[in-house]
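Structural characterization, general
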Amino acid sequence: MTQAMTYGRYLDLDQLLAAQKPLSDRHDELLFIVIHQTKELWLKEIIHEIGLAKRLIASGDVEPAYKALARVSRIQTVMTLSWDILATMTPADYLSFRGELGSSSGFQSHQFRTLEYLLGLKDQSFLKFQAEGSEGLAMLKAALAAPSLYDVAIAQLPRHGLTVPDAALHRDFTQAYVASEAVEAAWLAVYRDPSRYWELYQLAEKLVDLDDALVTWRHKHVLTVERIIGGRPGTGGTDGVGYLAATLRRRAFPELWSLRTKL
């Protein structure tokens, strides 16, 4: 006899709520686990939404992609706010169980690196943190080889009569995107005549929303880590706050920022 669907069965709550397994008896370790597992769930949804946006934009169906991109920026806001919850953990609280983390680190999150790749922030050095044959490595390699969200957005410019060099349209997508004066000029034309290029103008602003939210998330991450561990090295062997602070300079859509000076 088929069992009636219930809230717990639909959400698989038995498995979900059994996934938090603190390795110590310290009270705050559960919060640490829940915060990071929640972030991974939100990253899963973000990747899902950006995948849809990419397909829509690549097909020339730009306007319906706005909804997915707006949803991503809202999720990013929630993720950023979650740092405030983690910041209720004092240095003594964290140090009481930090040893249990070993060499594990958010630096190794394949979903976060996939998000960076999807946005165009490609760095092949992150592949080495995933085990050979793992789903994480397969996801990263697929995102690395494919055009990024920004690549498919740039490809829309010529469809509206704007000039984009072939090198920007047919490049090695495994490499990090390099800003182009010609691409900046094309976007600048969009911003100087938004009524004519309204679809592209709105797309560009949605992309800036994502970039803005990502940098805001990184900034709050830096402050939270500095508040909890100061200048100590990260558990994964990184420079800790120093490494995180350096990421604040990254921009996924560089021309959409630089053109503002020339308007």
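Check the entry above for the structure.
Treat the numbers as computed from the prediction; the structure is a model and nothing was measured.

So, about the pattern of salt bridges. The full count for this structure, using the stated rule, is eight salt bridges. A salt bridge links Lys 262 to Glu 184, with the shortest nitrogen-to-oxygen separation between them at 2.6 Å. With Lys 262 in the segment after helix 13 (254-258) and Glu 184 in helix 10 (residues 181-192), this pair connects stretches of sequence that are 78 residues apart. Judged by relative accessible area, Glu 184 falls into the buried class, the value being 9%.

Time to look at the side chain of Glu 29. Examined against the element boundaries, Glu 29 turns out to sit in helix 3 (residues 29-58). An unpaired buried charge is present at Glu 29: no salt bridge exists, and Arg 26, the closest side chain of opposite charge, is 8.0 Å distant. What Glu 29 contacts, discounting residues up to four positions off in sequence, is Pro 22, Leu 23, Ser 24, Phe 97 and Glu 100.

Residues Leu 149, Tyr 150, Trp 187 and Leu 256 are the most contacted members of the largest nonpolar core, which totals 72 residues. Of all the secondary-structure elements, those providing two or more residues to this core are helix 3, helix 4 (65-86), helix 6 (110-119), helix 7 (135-145), helix 8 (149-154), helix 10, helix 11 (198-229) and helix 12 (241-246). Here this core takes twelve residues from helix 11, the largest share from any one element. Filtering out sequence-adjacent residues up to four positions away, Tyr 150 remains in contact with Leu 119, Tyr 177, Val 183, Trp 187, Leu 207, Ala 252, Phe 253, Pro 254, Glu 255 and Leu 256.

Turning to the packing of aromatic side chains, a few remarks are in order. The full count for this structure, using the stated rule, is twelve aromatic pairs. With a centroid separation of 6.5 Å and 35 degrees between ring planes, the pair formed by Phe 126 and Phe 129 is classed as tilted. Ring plane angle 65 degrees and centroid distance 4.9 Å describe the contact between Tyr 191 and Tyr 201, whose orientation is recorded as edge-to-face. You can see Tyr 191 sitting in helix 10 and its partner Tyr 201 sitting in helix 11, a full ten residues away along the chain. Feature note: the residues Phe 32, Tyr 94 and Phe 97 constitute an aromatic cluster, connected by ring pairs. When the ring centre of Phe 107 is taken as origin, the NZ or CZ atom of Arg 113, which lies over that ring, is 4.8 Å away. The lysine or arginine in question, Arg 251, covers the ring of Trp 257, its NZ or CZ lying 5.3 Å from the ring centre.

Attention now moves to unusual backbone geometry. Of note, the phi angle at Asp 12 is positive, near 55 degrees, even though the residue is not glycine. The topology assignment puts Asp 12 in the loop between helix 1 (7-10) and helix 2 (13-17). Judged by relative accessible area, which is 38%, Asp 12 ranks as partly exposed.

Let's shift gears to a nonpolar patch on the surface. On the surface, a nonpolar cluster with roughly 540 Å² of combined accessible area is contributed by Met 5, Tyr 7, Tyr 10 and Leu 11. Mapping Leu 11 onto the fold places it in the loop between helix 1 and helix 2.

Take helix 7 next. When helix 7 is considered as a whole, its buried residues turn out to be Gly 136, Leu 137, Leu 140, Ala 143 and Leu 144. In an axial view of helix 7, the angular spread of the buried residues amounts to 130 degrees, which keeps them on one side of the axis. Residues of helix 7 that are buried in the fold lie against helix 6.

Its location among the elements puts Arg 113 in helix 6. Setting aside its immediate chain neighbours within four residues, Arg 113 contacts Phe 107, Phe 126, Leu 140 and Tyr 243.

What counts, and at which threshold
Residues numbered from 1 in each chain as written. Predicted model: local features only at pLDDT ≥ 70, side-chain atom pairs only at ≥ 80, totals over all residues. Heavy atoms only, no water. Salt bridge = Lys/Arg side-chain N within 4 Å of Asp/Glu carboxyl O. Helix = DSSP H or I, 4+ residues; strand = E, 2+ residues; numbered from the N terminus. Buried < 20%, exposed > 50% of the residue type's maximum accessible area, 1.4 Å probe, protein only. Lys, Arg positive; Asp, Glu negative; His and termini not counted. Contact = heavy atoms within 4.5 Å. Core = buried A, V, L, I, M, F, W, Y, C linked by side-chain atoms within 4.5 Å. Phe/Tyr/Trp six-rings, centres within 6.5 Å; stacked < 30°, edge-to-face > 60°. Lys NZ or Arg CZ within 6 Å of the ring centre and 35° of its normal. Patch = residues over 30% accessible without salt bridge, like charges linked within 9 Å, V, L, I, M, F, W, Y side chains within 5 Å. Areas by Shrake-Rupley, 256 points an atom, 1.4 Å probe, with all protein chains shown as cover. Arc of directions from axis to C-beta.

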